[in-house]
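# Observations on the three-dimensional arrangement
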Amino acid sequence: MLKSIEEATKNFCIHQIRAPHELKDGITDKRTLIAYIDIETQDSKKHRVYIASDENFMQRVSKLFLEEDESDEETLKDMALETANLIIGSAKVIAEEEDKNPYTISTPHFEKIGEFDYEYDQAKTIAVENDELTIAVKELNA
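Along its length, the protein carries 3 helices and 7 strands. Overall, the protein shows an N-to-C arrangement of helices and strands of α-β-β-β-α-α-β-β-β-β. Against the compact-globule benchmark of 14 Å for 142 residues, the protein has a radius of gyration of 14 Å, which places it among compact chains. The C-alpha extent of the protein, read off along each of the three principal axes, is 45 × 30 × 25 Å. In the protein, which comprises 142 residues, the proportion classed as buried is 44%. For the protein, restricting intrachain contacts to residue pairs at least 6 apart in sequence, the fraction spanning at least 24 positions comes to 68%. When the accessible surface of the protein is summed, it comes to about 7500 Å², and 41% of that surface belongs to carbon and sulfur atoms.

The structure is reproduced here in structure tokens:
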């Protein structure tokens with residue numbers, strides 16, 4: 001599952017942000033805006049997918065979609081939710097097309113601004129210049 005989310009995140013950087021990116025294992029150690037979406041796979045497993053980005057990454061998204069050079073905190077929270085929805089929604093389509101344990105997704109939720117201190121099973125961080133976005137997956141019914 002992380003593979004389809006990873007691919008969707010890379011596609012987001014290529015087609016939306018249009019900037020070179022680097023993918024690395026693990027989570028960011030920066031202060032982040034954290035949103036999540038719960039998903040349920042075809043084999044009835046439930047997972048929580050976190051999207052945690054530093055403020056500069058989310059400001060890139062805000063500039064792209066809203067043309068705002070400096071967004072306030074509420075706008076950045078909304079952009080975190082929208083980014084989670086776009087990436088996980090795209091990953092859902094990728095999983096369906098590849099017929100690799102497709103899943104349904106729930107509504108995104110904003111968790112907090114701060115350190116990513118949640119338990120997770122798998123995580124990757126994508127960096128665009130010095131800005132970072134982490135995707136982390138935790139199985140809920142394990």
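So much for the structure itself; the text now carries on.
Helix length check: helix α3 (residues 73-98) (26 residues) gives 37 Å between terminal C-alpha atoms against 38 Å at 1.5 Å per residue, within 8%. For α3, every residue scored as buried is listed here: Thr75, Leu76, Lys77, Met79, Ala80, Thr83, Ala84, Ile87, Ile88, Ala91, Ile94 and Ala95. Downstream of α3 by a residue or two, aspartate 99 has a phi angle that is positive, lying close to 50°.

Rules behind the numbers
- Residues numbered from 1 in each chain as written.
- Predicted model: local features only at pLDDT ≥ 70, side-chain atom pairs only at ≥ 80, totals over all residues.
- Heavy atoms only, no water.
- Helix = DSSP H or I, 4+ residues; strand = E, 2+ residues; numbered from the N terminus.
- Rg over C-alpha atoms; globule rule 2.2 N^0.38 Å.
- Buried < 20%, exposed > 50% of the residue type's maximum accessible area, 1.4 Å probe, protein only.
- Contact = heavy atoms within 4.5 Å.
- Areas by Shrake-Rupley, 256 points an atom, 1.4 Å probe, with all protein chains shown as cover.
- Expected span 1.5 Å × (residues − 1).

Interpretation in functional terms is not warranted from these geometric data alone.
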